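For reference, the chains in residue letters:
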Amino acid sequence: MSKTLFEKIVAREIPAKIVYEDDLLVAFHDVKPQAPTHVLVVPKKVIPRIAEAAPDDHKVLGHLLLKAAEIAKKLGVEKSGFRLVINNGPDAGESVPHLHCHIMGGRKMDWPPG
């Protein structure tokens, strides 16, 4: 099976503007931003989507959310507000079958989302 786009970024086969990395995840700017600040936080472990996460993935999932909040602070959107989005499946807007969290901020977000 071929690598996903995110696996290629993690492996440095495709360049990305990385803002954070540790042993469990990498965060980088989205190439098609939907807000002034739009960063993806991607686990290095391949989990196709949140609905396919296993109980033993709890460390990665918790780390992803905690680091997303830290990254949002580093990017300067903590005080004004930011949105975390995890899409699950094509109808939700999932375009890469590799779990990831979008950090979006820098503008007012409408509710409900489109």
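Here goes a summary of the coordinates provided. (Residues numbered from 1 in each chain as written. Predicted model: local features only at pLDDT ≥ 70, side-chain atom pairs only at ≥ 80, totals over all residues. Heavy atoms only, no water.)

**Concerning the pattern of salt bridges**
Once their charged atoms are close, side chains differing in charge can pair, the charge on each being opposite to the other. This is how it is decided: When a carboxyl oxygen of Asp or Glu is within 4 Å of a side-chain nitrogen of Lys or Arg, the pair counts as a salt bridge. In DSSP terms, a helix is any run of H or I states spanning at least four residues, a strand is any run of E spanning at least two, and both are numbered starting from the N terminus. Partly exposed residues are those whose accessible area sits between 20% and 50% of the maximum for their type, while under 20% is buried and over 50% is exposed, using a 1.4 Å probe and protein chains only.
Throughout the structure, instances matching the rule amount to seven salt bridges. For Glu-52, the salt bridge is made with Arg-49, and the minimal N-O distance between the two is 2.5 Å. The shortest N-O distance in the salt bridge between Lys-67 and Glu-70 comes to 3.0 Å. Here the residue Lys-67 and the residue Glu-70 both occupy positions in helix α2 (residues 58–74), the gap between them amounting to three residues, near one helical turn. Look at Glu-70 and you get partly exposed, because its relative accessible area is 45%.

**Structural notes on the packing of aromatic side chains**
As a reminder of what qualifies: Working definition: rings of Phe, Tyr and Trp (its six-membered ring) pair if their centres are within 6.5 Å, and the pair is stacked with planes under 30 degrees apart, edge-to-face with planes over 60 apart, and tilted otherwise.
In the structure shown here, the tally under the stated rule is one aromatic pair. Residues Phe-6 and Phe-28 carry aromatic rings whose centres are separated by 5.8 Å and whose planes lie at 65° to one another, so their mutual orientation is edge-to-face. Note that Phe-6 is positioned in helix α1 (residues 5–10) and Phe-28 in strand β2 (residues 25–29), a separation of 22 residues in sequence. Classification of Phe-6 by relative accessible area gives buried; the value is 4%.

**Considerations on the nonpolar core**
Applicable threshold: Among buried residues, the Ala, Val, Leu, Ile, Met, Phe, Trp, Tyr and Cys ones that are joined through side-chain atoms within 4.5 Å form a nonpolar core.
Residues Val-19, Leu-25, Ala-27, Val-39, Val-41, Leu-64, Ala-68, Ile-71, Ala-72, Val-77, Cys-101 and Ile-103 constitute the largest nonpolar core, which totals twelve residues. For this core, the elements supplying multiple residues, two or more each, are β2, β3 (37–43), α2 and β5 (101–105). Per-element tally for this core: the top contributor is α2, with four residues. With seven residues, the next largest nonpolar core counts Phe-6, Val-26, Phe-28 and Val-96 among its residues.

**Considering α2**
Within an α-helix, residues lying three or four positions from one another point in the same direction, as the helix has 3.6 residues per turn. Short version of the rule: The span one expects for a helix is its residue count, reduced by one, times 1.5 Å. The directions considered for the arc are those from the helix axis to the C-beta atoms. Two residues form a contact once any of their heavy atoms are found within 4.5 Å.
With 17 residues, α2 should cover 24 Å at 1.5 Å per step; its first-to-last C-alpha distance of 24 Å lies within 8% of that length. Val-60, His-63, Leu-64, Lys-67, Ala-68, Ile-71 and Ala-72 are the residues of α2 that are buried. Down the axis of α2, the sector holding all buried residues measures 165°, keeping them to one side. Seen from the open side of α2, the exposed residues pointing more than 90 degrees away from its buried face are His-58, Lys-59, Leu-66 and Lys-73. Packed against the buried residues of α2 are β1 (18–21), β2, β3, β4 (82–85) and β5. Looking one or two places after α2, you find Gly-76, whose phi comes out positive at around 85°.

**Some thoughts on a nonpolar patch on the surface**
How we decide: Patches draw on residues past 30% relative accessible area with no salt bridge. Two like charges within 9 Å are joined, as are two nonpolar side chains (Val, Leu, Ile, Met, Phe, Trp, Tyr) within 5 Å. Per-residue accessibility takes into account occlusion by the displayed protein chains alone, with areas from the Shrake-Rupley method and a 1.4 Å probe.
There is a patch of nonpolar side chains on the surface, built from Ile-50, Leu-65, Phe-82, Leu-84 and Ile-86 and spanning about 370 Å² of accessible area. Within the fold, Ile-86 resides in the loop between β4 and β5.

**Some remarks on the pairing of β2**
Rules: Note on pairing: two strands pair once DSSP finds at least 2 bridges between them.
Counting buried residues along β2, four of its five residues qualify, which places the element largely inside the surrounding structure. Pairing of β1 with β2, which is carried by three bridges, proceeds in the antiparallel orientation. Bridge assignment links Glu-21 to a residue of β2, and that residue is Val-26. Hairpin connection between β1 and β2: a loop of three residues separates the two successive antiparallel strands.

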